[in-house]
Structures are given as C-alpha cells and as structure tokens.
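One letter stands for each residue in the lines below.
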Amino acid sequence: MVVKLVRNSVKEVRNFLSKLGLSVGRCFDDHELVSLLRSINTGDNDYWLLGWKEYDTLDRASTFIVMLMDSEYREYVIKVLVSIGTIGITLPINYLDLGDDATGVTIMMGDGVAHISGRILCIRKIRVKRIP
C-alpha cells in the first residue's frame, strides 16, 4: 500500500514536470531553463521549488538536481541529465535584430560583426525520487 502511494505521488510529479515543459528530448538555453525552474513558484500549482544546483558530470553532459515540495509537504529530488551543446555564429551587425529576445546567449560586437555564442541544454533523462 505504501509503495503504491509513493509511486502515485512520483507519477504526479512526473506529470507536473511534463506539463511544465521539462521532458526528455526538449532543449533550452541556460536562461530558458532557469526561467522555467523559477516559474514553478510563480505558477498556480501545488508544488514549490526549494532549489537546484548544476553538477558537471562529463565534458558534454551535466546534471541538475532539483528539489520540490508538494502541498502535502512531501519532498522530491529530481535529477535532470542534460547534454550540452554550444552555438557559435559570426555575422554582420546589420543582420542582427536586437529587438529580438537574445537571452541565454552572449553577443560580442566589434569591427562591424557580431559574435554570438551560448550553451544549449537538451534533456536526456529525468529521475524523480521521493524523500522519505
């Protein structure tokens, strides 16, 4: 009976993460992922974000450890394994529309060209564990 309750609560957290947009195969830049995590506390839901930390695991992979609490004060540890890719583009400044959203990337301008670079994080695996 207890195992079934734990499985159901973990399943509810997985459904919540899926509705939030955190699912395997999705890709984000740094800013988008942090904004998505912060939106947990501002949204109208039964979960609170307690915090997160990024751990580098490999050269092109990283793990985010996210702590959540539900309305019943149960805590969950969510491990999000992401692949890390980088983007790097150089183009003339007159091609750049600075009115567009450029969050999550670095833009360096000089000598009539713009150098754009940033990290892209693609979710490879999500594990949810309830803390007893």
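Here, the structure is the one placed above.
Heads up: these notes are all about the structure in this document.

Let's shift gears to a negative patch on the surface. Residues Glu12, Asp44, Asp46 and Glu72 make up a contiguous surface patch of negative charge. Position of Glu12 relative to the elements: it lies in helix 1 (residues 2-20).

Using the criterion set out here, one finds one disulfide in the structure. Each disulfide pairs two cysteine sulfurs, and for Cys27 the partner residue is Cys122, the sulfurs being separated by 2.0 Å. Here Cys27 and Cys122 share a disulfide; its torsion about the S-S bond, 110°, makes the bridge right-handed. Placement of the pair is Cys27 in strand 1 (residues 27-29) and Cys122 in strand 6 (residues 113-130), with a sequence separation of 95 residues.

Time to look at helix 2 (residues 30-42). Its 13 residues give helix 2 an end-to-end C-alpha distance of 19 Å, which sits within 8% of 18 Å, the value for a rise of 1.5 Å per residue. Of the residues making up helix 2, those classed as buried are Leu33, Leu36, Leu37 and Ile40. When helix 2 is viewed along its axis, its buried side chains cluster within an angular range of 90° and face the same direction. Those residues of helix 2 that are exposed and angled more than 90 degrees off the buried face are Arg38 and Thr42. The opening residue of helix 2 is Asp29, an N-cap whose side-chain oxygen sits 3.1 Å from the backbone nitrogen of His31.

The rules behind each value
- Here the residue numbers are simple positions, counted from 1 along each chain's written sequence.
- In view of the model being predicted, local features appear only for residues whose pLDDT reaches at least 70, and side-chain atom pairs are presented and counted only at 80 or more, with totals across whole chains, interfaces and linings using the full set of residues.
- Computation of side-chain values: all heavy atoms of the structure, hydrogens and water removed.
- Patch membership needs two things, relative accessible area over 30% and no salt bridge, and members are linked within 9 Å if like-charged or within 5 Å if nonpolar (Val, Leu, Ile, Met, Phe, Trp, Tyr).
- Method for areas: the Shrake-Rupley scheme with a 1.4 Å probe, in which residue coverage is limited to the protein chains shown.
- For salt bridges, the criterion is a side-chain nitrogen of Lys or Arg within 4 Å of an Asp or Glu carboxyl oxygen.
- Counted as positive: Lys and Arg. Counted as negative: Asp and Glu, with His and the chain ends omitted from the count.
- Where a charge lies is defined by one atom per residue type, namely NZ (Lys), CZ (Arg), CG (Asp) and CD (Glu).
- The way it works is that DSSP assigns letters per residue, a run of H or I at least four long becomes a helix, a run of E at least two long becomes a strand, and they are numbered from the N terminus.
- The term disulfide is used for any two cysteine sulfur atoms that are within 2.5 Å.
- A helix's residues, less one, multiplied by 1.5 Å, set its expected span.
- Each residue is placed in one exposure class: buried if its accessible area under a 1.4 Å probe, protein chains only, is under 20% of its type's maximum, exposed if it is over 50%, and partly exposed if it falls in between.
- When we speak of the arc, we mean the arc of directions from the helix axis to the C-beta atoms.
- Distance and chemistry together define a polar contact, namely a pair of N or O atoms within 3.5 Å, with one atom able to donate a hydrogen and the other to accept it when in protein, and with adjacent residues in sequence counting only for side-chain atoms on both sides.

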